[in-house]
Amino acid sequence: MSDCLFCGIAAAQIPATIVAANPRTMAFRDINPQAPVHVLVIPREHYASLADLAAADAGLLAEVVAHAHEVAVAEGIAGDGYRIVVNTGANAGQTVGHVHAHVLGGRPMLWPPG
Ligand code: AMP
Ligand code: ZN
């Protein structure tokens, strides 16, 4: 999608702090971090939401989750624990229409979130 922010990051047309790049997924730091570690993991291919990705390519969804865990290990937060969040739709506050998994950690996570 030519007007999609995260497609632009995936294509290296929009700058981002890349953490790790896999063949079908990539990870970069959130521009407005909500925790000491806050990384976003996306499929390179455009899917608008978790619902779309799950319906179209469950294997790719599994790669996103596996990559999120790899990021947690690499960032040193896997031992103490971390949170993966996929905001989906308006009530969840999804603001970018390219599915992304937030990897959050480095401090105790409150539950429930606001
Ligand atoms: P969501 O509300 O789940 O759609 O999350 C979108 C996330 O994208 C927010 O946490 C933003 O801070 C983050 N974000 C927006 N623009 C950028 C960008 N250019 N680079 C990195 N993260 C971004
Ligand atoms: Zn996109």
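Our subject is the structure listed above.
All residue numbers here refer to positions counted from 1 along the written sequence of the relevant chain. Chains carry letters and ligands carry numbers; both start at the beginning, A for chains and 1 for ligands, and go up in the order they are written. Local features in this predicted model are restricted to residues of pLDDT 70 or higher, and side-chain atom pairs are both shown and tallied only at a pLDDT of 80 or more, whereas totals for entire chains, interfaces and linings draw on every residue. Values reported for side chains reflect all heavy atoms of the structure, with hydrogen atoms and water molecules removed beforehand.

S.K.: Account for the coordination of the zinc ion (ligand 2), naming residues and giving values.
M.R.: Around a metal, the perfect tetrahedron of four donors has angles of 109.5 degrees, and the perfect octahedron of six donors has angles of 90 or 180 degrees. Taken together, C4 (SG), C7 (SG), H46 (ND1) and H98 (ND1) make up the protein donors of the zinc ion (ligand 2), found 2.1 to 2.3 Å from the metal. Around the zinc ion (ligand 2), the four donor atoms are arranged such that angles at the metal cover 106 to 117°; this shape is classified as tetrahedral. The sequence pattern describing where the donors of the zinc ion (ligand 2) fall on their chain is C-x2-C-x38-H-x51-H. In this pair, C7 is assigned in helix α1 (residues 5-10) and H98 in the loop between β4 (82-85) and β5 (101-105), connecting sequence segments 91 residues apart. Judged on exposure class, the residue C7 and its partner H98 are both buried. Only nitrogen, oxygen and sulfur atoms count as donors, using a 2.8 Å cut-off from the metal that widens to 3.2 Å for Na, K and Ca. Water is left out, so coordination shells may look unfilled. Geometry is assigned from donor-metal-donor angles: four donors are tetrahedral when every angle falls between 85 and 135 degrees, four are square planar and six octahedral when opposite donors sit over 155 degrees apart with all other angles between 65 and 115, and any other arrangement is irregular. Secondary structure elements follow DSSP: runs of H or I of four or more residues count as helices, runs of E of two or more count as strands, with numbering from the N terminus. Each residue gets one of three labels from its accessible area relative to the maximum for its type: buried under 20%, exposed over 50%, partly exposed in between, using a 1.4 Å probe on protein chains only.

S.K.: How would you explain the sheet that holds strand β2 (residues 25-29) if you had to name every residue and give the values?
M.R.: The antiparallel open sheet is built from five strands, whose spatial order is β1-β2-β3-β5-β4. Of all strands in the sheet, those with a lone pairing partner are β1 (18-21) and β4, marking the two edges. Mean inter-strand twist for the sheet, computed between neighbouring axes without regard to direction, equals 20°. Whether two strands pair comes down to DSSP finding at least two bridges between them. Sheet topology note: the β2/strand β3 (residues 37-43) ladder contains five bridges and is antiparallel. Following the sheet pairing, M26 is matched in β3 by I42. In what follows, a contact means two residues having at least one pair of non-hydrogen atoms within 4.5 Å. Only the stretch in contact is used when fitting a helix axis, every axis being a line fitted to C-alpha atoms; angles between N-to-C directions are given from 0 to 180 degrees. Across the sheet, helix α3 (residues 58-74) is in contact with β1, β2, β3, β4 and β5; its angle to β3 comes to roughly 155°.

S.K.: Give me the lowdown on unusual backbone geometry, citing residues and values where you can.
M.R.: Here the residue pair W111 and P112 is connected by a cis peptide bond, since its omega of 0° sits within 30 degrees of zero. Within the element layout of this structure, P112 appears in the segment after β5. For A12, which is not glycine, the phi torsion reads 60° and is therefore positive. When you line up the elements, A12 lands in the loop between α1 and β1.

S.K.: Mind laying out the site of ligand 1, listing which residues take part and the relevant values?
M.R.: A molecule or strand has a residue near it when one of that residue's heavy atoms lies within 4 Å. In the region of ligand 1, 16 residues are neighbours, and D30, N87, G93, T95 and H102 sit closest. Only the protein chains shown count as covering a residue, and every accessible area follows the Shrake-Rupley method with a 1.4 Å probe. Summarising the interface, the protein chains cover 82% of the accessible area of ligand 1, which totals 500 Å² for the free molecule. Where the shell around ligand 1 is concerned, the elements lending two or more residues are α1 and β2. Grouping the constituent residues of the shell around ligand 1 by class yields seven nonpolar, seven polar and two charged. Any residue outside Ala, Val, Leu, Ile, Met, Phe, Trp, Tyr, Cys, Pro, Asp, Glu, Lys and Arg is labelled polar, Gly included; the first ten of those are nonpolar and the last four are charged.

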